[in-house]
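The lines below spell out each chain.
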Amino acid sequence: MPFNEPGARGVVISCQAPEMSPLRDSHVMAQLALAAQKAGAIGIRAEGGADIAAIRAVCSLPVIGIRKHWYAGSDVYITPTKADVDTVADAGAELVALDATPRPRPGGETLAEVVAHAKRRGLKVMADLSGSEEAKGAVDAGVDYLGTTLVPASAEDVRPGGPNIAVIRRLAEANWGLPVIAEGRFATPGDIVAAFGAGAAVVVVGRAVTDAYALASDLVRAANEFRESLVGPRRLV
């Protein structure tokens, strides 16, 4: 598993598409994974059994699998339950990423129980954190990697819409003895270098590489907003 090699630094590409995107197709996700592999990525992050299985069938890189699912009464939606872990494991992923925040999980399951179940299924576990203060709970639960996936936008970000490098540094300097996986709003080569400089072992990049629908929407929205600023609101006649 390359994520644990001493001094390893590499990029994982997240191959996902939201429900409304025309790219939401397992064959498309598999082709994106192949492109990432050819470009030199060290791993893939993918969501759902169908996409994970399709990627696993054509791509030799390690797959960080997740299942996004909302359950009534819980705000945890990234691989919330043991059953969701089973979906990831059955599809062929080597790692599972899951929400490792202290929020209540569906069905009363605990983080430690879900992590232990993943280990029994032979998976390594990545903790998706929303802040460095959550690391101890994740470490105590037995995770293998600490990730910044759920860290929200804040004044600490390197730029508006950019990643939070400070939280990566705090996780690395705390010396939990686990690799730090940087994820969340990474978009430029400078972002990648900054994350490695702060102590990350791996950087996950998704939207900026694989979500052509979202990127095109951003550009079109900017053009429309500029045009509207010139002509003003349309008047009804």
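Anyway, here's the lowdown on the structure attached to this text. Everything numeric here is computed off the predicted structure, so don't read it as measured data.

**What to know about the overall build of the chain**
A tally of helices and strands in the chain yields nine helices and eight strands. For the chain, the spread of C-alpha atoms along the principal axes amounts to about 65 × 40 × 35 Å. Relative to its 237 residues, the chain shows a buried fraction of 46%. Within the chain, counting contacts between residues at least 6 apart in sequence, those at least 24 apart form 56% of the total. Counting every atom, the chain has about 11400 Å² of accessible surface; 58% of that belongs to carbon and sulfur. Measuring between centres, the 24 positive side-chain charges of the chain sit 3 Å from its 27 negative side-chain charges.

**Observations concerning a nonpolar patch on the surface**
Judged by side-chain polarity, Phe226, Leu230 and Val231 come together as a nonpolar surface patch covering roughly 350 Å² of accessible area. Locating Val231 in the fold gives a position in helix H9 (residues 212–231). The exposure class of Val231 is exposed, given its relative accessible area of 58%.

**Considering the packing of helix H1 (residues 26–39) against helix H2 (residues 49–58)**
Contact geometry of H1 with H2 gives a least axis separation of 8 Å together with a crossing angle of 45 degrees. Comparing their axes, H2 and H1 come out oblique. The handedness of the crossing between H1 and H2 comes out as right-handed. Of the residues in H2, those touching H1 at Ser26, Met29, Ala30, Ala33 and Leu34 are Ala50, Asp51, Ala54, Ile55 and Val58.

**Section: the packing of aromatic side chains**
This model, assessed by the stated rule, comprises one aromatic pair. Ring centres 4.5 Å apart and planes at 10 degrees place the aromatic pair Trp70 and Tyr77 in the stacked group. Residue Trp70 is classed as exposed on the basis of its relative accessible area of 57%. Taking relative accessible area as the criterion, Tyr77 reaches 25% and is therefore assigned partly exposed.

**Re the nonpolar core**
Membership of the largest hydrophobic core comes to 50 residues, with the highest contact counts inside it found for Ile44, Ile55, Leu129, Leu146, Ile168, Phe186 and Ala195. With near-sequence residues (within four places) excluded, Leu146 lies in contact with Ala127, Leu129, Ala135, Ala138, Val139, Leu171, Trp176, Leu178, Pro179, Val180 and Ile181. Ranked by size, the runner-up nonpolar core spans twelve residues in total, among them Met126, Tyr145, Ile181 and Val204.

Cut-offs applied
Residues numbered from 1 in each chain as written. Predicted model: local features only at pLDDT ≥ 70, side-chain atom pairs only at ≥ 80, totals over all residues. Heavy atoms only, no water. Helix = DSSP H or I, 4+ residues; strand = E, 2+ residues; numbered from the N terminus. Buried < 20%, exposed > 50% of the residue type's maximum accessible area, 1.4 Å probe, protein only. Contact = heavy atoms within 4.5 Å. Areas by Shrake-Rupley, 256 points an atom, 1.4 Å probe, with all protein chains shown as cover. Lys, Arg positive; Asp, Glu negative; His and termini not counted. Charge placed at Lys NZ, Arg CZ, Asp CG, Glu CD. Patch = residues over 30% accessible without salt bridge, like charges linked within 9 Å, V, L, I, M, F, W, Y side chains within 5 Å. Salt bridge = Lys/Arg side-chain N within 4 Å of Asp/Glu carboxyl O. Axes fitted to C-alpha atoms, helices over the stretch in contact; angles between N-to-C directions. Parallel < 35°, antiparallel > 145°, perpendicular 65-115°, else oblique. Left-handed = near helix turned anticlockwise from the far one by under 90°. Phe/Tyr/Trp six-rings, centres within 6.5 Å; stacked < 30°, edge-to-face > 60°. Core = buried A, V, L, I, M, F, W, Y, C linked by side-chain atoms within 4.5 Å.

Any link to function would need more than the numbers given here.
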